[in-house]
Each structure stands twice: as C-alpha cells, then as structure tokens.
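The chain contents come next:
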Amino acid sequence: MAESKSLRVAYGEALAELGAVNDKVVVLDADLAHATMTSLFQAKHPERFYNFGLAEANMMGAAAGMAHSGLIPFASTFALFGTGRAYEQIRNSIAYVNANVKFGLSHSGLSVGEDGGSHQSVEDIALMRVVPNMTIFVPCDSAETRKAVFAAAEIDGPVYIRVARPVVETFTGPDTPFVPGTANLLREGKDVCIVATGLMVKEALTAAESLAGRGIEAAVLNVHTIKPFDSEAVLAAANRYGAVVSVEEHSVIGGLGSAVAETLAGKSAAKFCRLGIQDRFGQSGKPADLFKAYGLTPAHIQEACLKLLGKNV
Amino acid sequence: MSDTTLDGLAVQLRRDILEMLYRCQSGHPGGSLSVLEILMALYYKTMKTDPSNPGWEDRDRLVLSKGHGCPALYAILANKGFYPREDLWNLRQLGCHLQGHPDMAKTPGVDANTGSLGQGASIAVGMALAAKHKKASYRVFAVLGDGELQEGQIWEASMSAAHYKLDNLTFILDHNGLQIDGANDEVMGLGNVMDKFAAFGFECFDVAGHDRDAIAAALEASVSGKPKFVRCRTVKGKGVSFMEGNAGWHGRPMNAQEFQAAMKELGGKQNG
C-alpha cells in the first residue's frame, strides 16, 4: 500500500528541509501555522519564522519588502485569504515588480470540507492566473508538493503553490519529473485525454482504469503548472486523441478548463468538455461527499469521457 | 549642503515639479508640494544613499507610500544624480522610466513600488524586519499620506512594526489635512493621529512639516525598541498661493496661465 499524506504536511516538511539548505528562506504565516503546517518549519528554524497575525494584506506586503532585501519569503495562509483578501497586495506589491515571494496557500478547493463555502476557494487559480509574472503550481500529491516547494525557490519571481488539505495517496515517486511549465503524461491512451490538476489527477487515473475495462483508452495529462501553461502538450494531446476532458477542483471559469479552452480555440477541432465547479460556491460536507455532489469523482470523469465519445454511459 | 543652498534648491525643486506636471498635463501637484521638505530632510540630511550605486545593500531605504507624490521624489533623485534632470520632462510618457507612480524596477533610486495606498507601509515593515533579520544597520523610512491612514493596511502594518520592535523603521506623515474629496475630517475623520500611533506602540514626534531641520532632528532622535512616528504638519500645494490648502489641486493639471503664475510666484532660475 502506497504512503498517504496530506499535501499541507508535505508542504511544511518541504519548507523545513529547504530551510536547512537555503538560509535566505524565511516563512511568514497569518495565525494558521498549525493548519498550513508552516509550524514544521517554525519548529526547525524558529529564528526564520514570522507570524503576522490575522493580517494577510500586511503579511503579503511585508513579504515583498523582505524579498526586496534579498530574502526568499514563503508566505502562507488559506488559499482564499491569500489570493482573495490580499489579492491587490499580491498584484501591486509583489507581482507588479516581480518580487521574489512565494505563497504556499493551503485549504484550497472544496476538499476543505466541513468548514463550508466561506473557506472553500474555488476561484483562486483564476485570480492568480490573470496576474502577469505569476507562476502557479497545483501539486497532486505529497511527493509533487515537495518538488513544487524546491522548484519555487529556484524561480526568480512570485510563485503560488496551491496546497490541498486532505490526506491522499502519494502515487507519484521521487523520480517522477517535475519541470515547471511541462505537463506530465502519466498514462498513454488512444481515444481521449483527461487533462487534470491537483487532487483530480488521481481521480482521472482511476477513471482511466475503469474506462479501460470498457475498451476505451484514456490518456491522463497531469498539469502541475497552471502558469506558464503547457499549451504545447495540451494541443498535442488534443490533436492526437481528438477528445479532451479537463478536470479540476476549482471553478470551470478561469482555471485549468479555461486555460485548455484558450489553447484549443481556433487551433483544434477536438471535442472538449470541462469538469469542475460549475460557477457556484461550495458548502459544508465531507470532502468525498462534496466531490460527489459537485461532479468531481472518477465516475463523473468516466461519464464525461463516454458522452464526449458518443458512447452509452 | 548649507541651509541657504537648500533654500534655493527647494525653490528649484518646486519649479521642477511644476514643470514636470505641466508638461505631462496630469499628476498630483498638491501632495508633491506638501511632501517636498520631508523628502529633502531625508535625502539631504538623514539618509545614507549612493547615487552611483542605487542598489547598495546597506543604504537607507525610502518607501514613498503616498506614491502619487513621486514628482517630488523624482526631482530630488535627479538632483542627487541618480539619473539626468532631463528625464524629468518625460514624466508619465511612454518609454520613460519615470512612471505615474514609483516603480523600483524602472527608476534608479526608487526603493519600492507604491501608489496603491496603504501598501508601502507593509513593504517598509518587511524591509525593516529583513534588516533586523540580517543584522544590517540600515534604516527604513515610509512617507504616508493622511488620507492613506484610512486604509486598514496602515494599521495592520503599524501593529506588526511595534510587535517586531522595529526601531529601524520610521513612519512619516505628510499631514496636509486634505484628500481628493475634501478635508480629511469631512471625508473620514482621522481623529488624533498622534494618540493613535502612540497607542499602536510608536514613539511619536510632531513637527512643522516644512522645516527641514525640525524634521531631520525628529528623524535623528534616538529611539530604542519601538518604531518611530513623525507627524509633519504640512500645507497642500505649499509654495503656490492659489494651490495652498485647496483640495482641488490634488490631481488636476495646470493650464498655461496657471503654470506661468505659479512659476512667477516661485521665482528662482528659469528652467530649461
């Protein structure tokens, strides 16, 4: 049985590990260190951890000032409060001048679960994607989260790492490539390509397995970097398979599905369908129940592929 | 520089500011004129900077949080030799490094991107915190506008400045009492700013905001274990009678008659 781990724990562990080899790294949090798991960095490097209290806008601005002074700040809070409340600080204080600030923001998407719609960010990718100079990583498991943290430290400029809360199976390995901006084809196929990001990658692989039982070969493309977007890989997949299904734990507006649509528009005649949150807010519930209610399970992905291919569901 | 020389320079800088703004027919005269002596005290008396090495790691930093006052900063940086004075005449024009609001990536000597009010205070906190972190001795100054104090971020930043005991950080308030829609007290009253910053844990100083020596003395006053706040009582539009104390001159361009009248009033050498 493969190891299971929460992405937020992997984020905190990776930060602690990175801190040991890069003394420019400082970590900032907004009174959520034990939720974002930056507490793991704090325990190892207390002199490089700065709590800003419940003041996300100030934290992001201060991170810019620290980056201007040669440090590499990783600022963390929940995805909603980071990309939402502090949006304009990220836009003007950080991205506008390409400040070397990283923000690993946890509790993204519906999988926050019980806390409900007020805490479930389903629009954060969209908000960050329209900001110039931004890099966006959406890791799919703990191994990829670790790679995203280390890769972020090597990039000169703002990087958003979208971190999910649930404990999930670690299905990629230490040797699985993680090249920023290069999507990973995790499964070859013939009939359709499922383009997925974050927690939906595993769901896509499960769906592809079921489809194989029905004689349909679905490829799975893991888009761990939403920006810069690997339009070349997506276009190649569309042309090769003729059918594309995108799936994300985010609104279908502005996120992965939009990026795929922008790539295919005018360039591909492939059939295309977007799975994700259909322009609505989240609500309280267990993550698995929410995924069912919002159409984000392997069964939904399988159904979307079958429909796209004109097969009986 | 002697005080007589600085008096003459103040006239020259005011002329530069007005000419920049007249040429581009946009920008903010009122707040650029009110903040001038604050920036002169910083750049000619207090701050360590090196025009030949703008990125000098141990320089003192200035964050013009009220970024719309940047014509005053630009005129001073040109005078200090960070770039040629001729650049001033292309303010706000396509391709010129002098943006409508400060851009550190484009303009030598500018230490932070500001203009969206409230944000500079936090950037300054981050810089001061980084100096403490690195055990560096440089100081960080943030110049705030009074209308800007209505931004909640100012108070978040202030709380963190006191929490981290940033005695290398000074917030300087250009308190001219006016903002775009009128008097501060009519738009959204600030209350007693001295009491507020004291309550937030700052060591507070109150000075005449066009008295360079008084400002510099407050900037030099020794403070330990807490950030410093210097309230500068200023006049919006200072130096041009028809602009003084008039909120209408926050961000309106001068016509030819107004420009000539203002330049005549200021006196000093002809520009060009």
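Nothing here was measured: the structure is a model prediction, and the numbers come from that model. (Residues numbered from 1 in each chain as written. Chains lettered and ligands numbered in written order. Predicted model: local features only at pLDDT ≥ 70, side-chain atom pairs only at ≥ 80, totals over all residues.)

## Brief notes about the overall build of chain B
To be explicit about the condition: Under the DSSP-based scheme used, a helix requires at least four consecutive residues in state H or I and a strand at least two consecutive residues in state E, with every element numbered from the N terminus. The quantity called the radius of gyration is restricted to C-alpha atoms. Its globule counterpart is 2.2 Å times the number of residues to the power 0.38. Residue burial is a threshold on neighbouring C-beta atoms within 10 Å of the residue's own C-beta, all placed from the backbone, with 20 or more meaning buried, 12 or fewer meaning exposed, and counts in between meaning partly exposed. The contact rule is simple: place each C-beta atom from the backbone, and if two of them lie within 7 Å, those residues are in contact.
Of the regular secondary structure elements, chain B holds 10 helices and 7 strands. Over its C-alpha atoms chain B spans a radius of gyration of 17 Å, differing by no more than 12% from the 19 Å that the globule rule assigns to 272 residues. Judged by the C-alpha coordinates and their principal axes, chain B covers about 50 × 45 × 35 Å. Looking at chain B as a whole, 49% of its 272 residues are labelled buried. Here the analysis covers contacts within chain B between residues at least 6 apart in sequence; of these, 74% occur between residues at least 24 apart.

## Observations concerning the overall build of chain A
Across its full length, chain A carries 13 helices and 14 strands. Based on the C-alpha atoms only, the size of chain A along its principal axes is roughly 60 × 40 × 35 Å. Long-range pairs, those at least 24 residues apart, make up 79% of the contacts in chain A between residues at least 6 apart in sequence.

## Digging into helix 8 (residues 142-154) of chain A
Definition in use: Here a helix's expected span is defined as the number of its residues, less one, multiplied by 1.5 Å.
Between its first and last C-alpha atoms helix 8 of chain A spans 19 Å; for 13 residues at 1.5 Å apiece the expected length is 18 Å, and the two agree. Taken together, the buried positions of helix 8 of chain A are occupied by Ser 142, Ala 143, Glu 144, Thr 145, Arg 146, Lys 147, Ala 148, Val 149, Ala 152 and Ala 153 of chain A.

## Looking at the interface of chain B and chain A
Our working definition: When residues are grouped by polarity, Ala, Val, Leu, Ile, Met, Phe, Trp, Tyr, Cys and Pro land in nonpolar, Asp, Glu, Lys and Arg in charged, and all others, Gly among them, in polar.
Each partner contributes to the interface: chain B provides 22 residues, whereas chain A provides 21 residues. Elements represented by at least two residues in the side of chain B that touches chain A include exactly helix 5 (119-134) and helix 6 (152-163) of chain B. Sort the elements by how many residues they give to the side of chain B that touches chain A and helix 5 of chain B lands first, with 11 residues. Of the residues contributing to the side of chain B that touches chain A, the split by class is 12 nonpolar, 8 polar and 2 charged.

## Observations regarding the sheet that holds strand 5 (residues 102-105) of chain A
Residue and element names in this part refer to chain A. This is how the line gets drawn: Strand pairing requires that DSSP identify at least two bridges connecting the strands. The axes used here are C-alpha line fits, helices contributing only the stretch in contact, and every angle between their N-to-C directions lies in the interval 0 to 180 degrees.
The strand order 3-2-4-5-7-6-12 describes an open sheet built from 7 strands, whose pairing is mixed. Looking along the sheet, the strands with just one partner apiece sit at the ends: strand 3 (49-51) and strand 12 (225-227). Strand-to-strand twist in this sheet, taken as the mean axis angle between neighbours without regard to direction, amounts to 20°. Two elements, strand 6 (residues 135-137) and strand 12, share 2 bridges in a ladder whose sense is antiparallel. Note that in strand 12 the partner of Phe 137 across the bridge is Thr 225.

## Here we look at the sheet that holds strand 6 (residues 203-208) of chain B
Residues and elements named next belong to chain B. The 5 strands are arranged 1-2-3-7-6 in an open sheet whose pairing can be described as parallel. One side of each edge strand has no neighbouring strand; the edge strands of this open sheet are strand 1 (61-64) and strand 6. Taken pair by pair, the neighbouring strands of this sheet meet at an average axis angle of 20°, ignoring direction. Examined bridge by bridge, strand 6 and strand 7 (residues 228-233) share 6 bridges and lie parallel to one another. Within strand 7, the residue paired with Ala 208 across the bridge is Arg 233. Each of strand 1, strand 2 (140-145) and strand 3 (169-175) is contacted by helix 5, which is oriented at about 170° to strand 2, the strand it contacts most. Together, strand 3, strand 6 and strand 7 form the strand contacts of helix 9 (residues 212-220), whose direction differs from that of strand 6 by roughly 170°.

## A closer look at the pairing of strand 11 (residues 218-222) of chain A
Residues and elements named next belong to chain A. Strand 11 sits mainly inside the fold: 5 of its 5 residues count as buried. The alternating pattern of strand 11 places Ala 218, Val 220 and Asn 222 and Ala 219 and Leu 221 on opposite faces, both of which are buried. As paired strands, strand 9 (residues 184-187) and strand 11 are joined by 3 bridges and run antiparallel to one another. Residue pairing for strand 11: Arg 187 is matched across the bridge by Val 220. Sheet analysis places strand 10 (residues 192-196) next to strand 11, joined by 5 bridges and oriented parallel. Considered in strand 11, the bridge of Ile 194 is made with Val 220.

## Things to note about the nonpolar core
Residue and element names in this part refer to chain A. The condition is simple: We define the nonpolar core as any set of buried residues of the types Ala, Val, Leu, Ile, Met, Phe, Trp, Tyr and Cys, connected via C-beta atoms lying within 7 Å of each other. An automatic or database domain assignment supplies the residue ranges for each domain.
Residues Ala 63, Ile 194 and Ala 204 are the most contacted members of the largest nonpolar core, which totals 183 residues. Residues lining this core come from more than one domain, with at least three contributed by each of domain 1 (4-169) and domain 2 (184-308). Those residues in contact with Ile 194 that lie beyond four places of it in its chain are Ala 204, Ala 207, Ala 208, Ala 218, Ala 219, Val 220, Val 245, Val 247, Ile 301 and Cys 305.

## Comments concerning helix 6 (residues 87-94) of chain A
Burial analysis of helix 6 of chain A places 6 of its 8 residues in the buried class, which makes it a mostly covered element. Buried within helix 6 of chain A we find Gln 89, Ile 90, Arg 91, Asn 92, Ser 93 and Ile 94 of chain A.

## Considerations on the environment of Ala 16 of chain A
Residue and element names in this part refer to chain A. With respect to the helices, strands and loops of the structure, Ala 16 is situated in helix 1 (residues 7-21). Note on Ala 16: 21 C-beta atoms within 10 Å, which makes it buried. A sequence separation of 291 residues divides Ala 16 from Lys 307, and the C-alpha atoms of the two residues are 46 Å apart. Not counting residues up to four positions away in its chain, the partners in contact with Ala 16 are Leu 40, Phe 41 and Lys 44.

## Observations concerning the pairing of strand 5 of chain A
Residue and element names in this part refer to chain A. Judged by which residues are buried, strand 5 turns out to be covered on both faces: Lys 102 and Gly 104 on one side and Phe 103 and Leu 105 on the other are all buried. Pairing of strand 4 (residues 72-76) with strand 5 involves 2 bridges; the strand directions are parallel. Its bridge partner being in strand 5, Ala 75 is matched across the sheet by Phe 103. Bridge analysis of strand 5 against strand 7 (residues 159-162) gives 4 bridges, and the strand direction is parallel. Residue pairing for strand 7: Gly 104 is matched across the bridge by Ile 161.

## Things to note about the environment of Ser 137 of chain B
As for its position among the elements, Ser 137 of chain B is in the loop between helix 5 and strand 2. Sequence spacing of Ser 137 of chain B and Asp 58 of chain B is 79 residues, and the spatial spacing of their C-alpha atoms is 7.1 Å.

## A look at the domain arrangement of chain A
All names here are of chain A. Taken domain by domain, chain A holds domain 1 (4-169) and domain 2 (184-308). Placing a centre on the C-alpha atoms of domain 1 and another on those of domain 2 gives a separation of 25 Å. Listed per partner, the contact involves 26 residues of domain 1 and 27 residues of domain 2. Mapped onto the side of domain 1 that touches domain 2, the elements with two or more residues apiece are helix 7 (124-129), strand 6 and strand 8 (167-169). In terms of residue class, the side of domain 1 that touches domain 2 is made up of 13 nonpolar, 7 polar and 6 charged.

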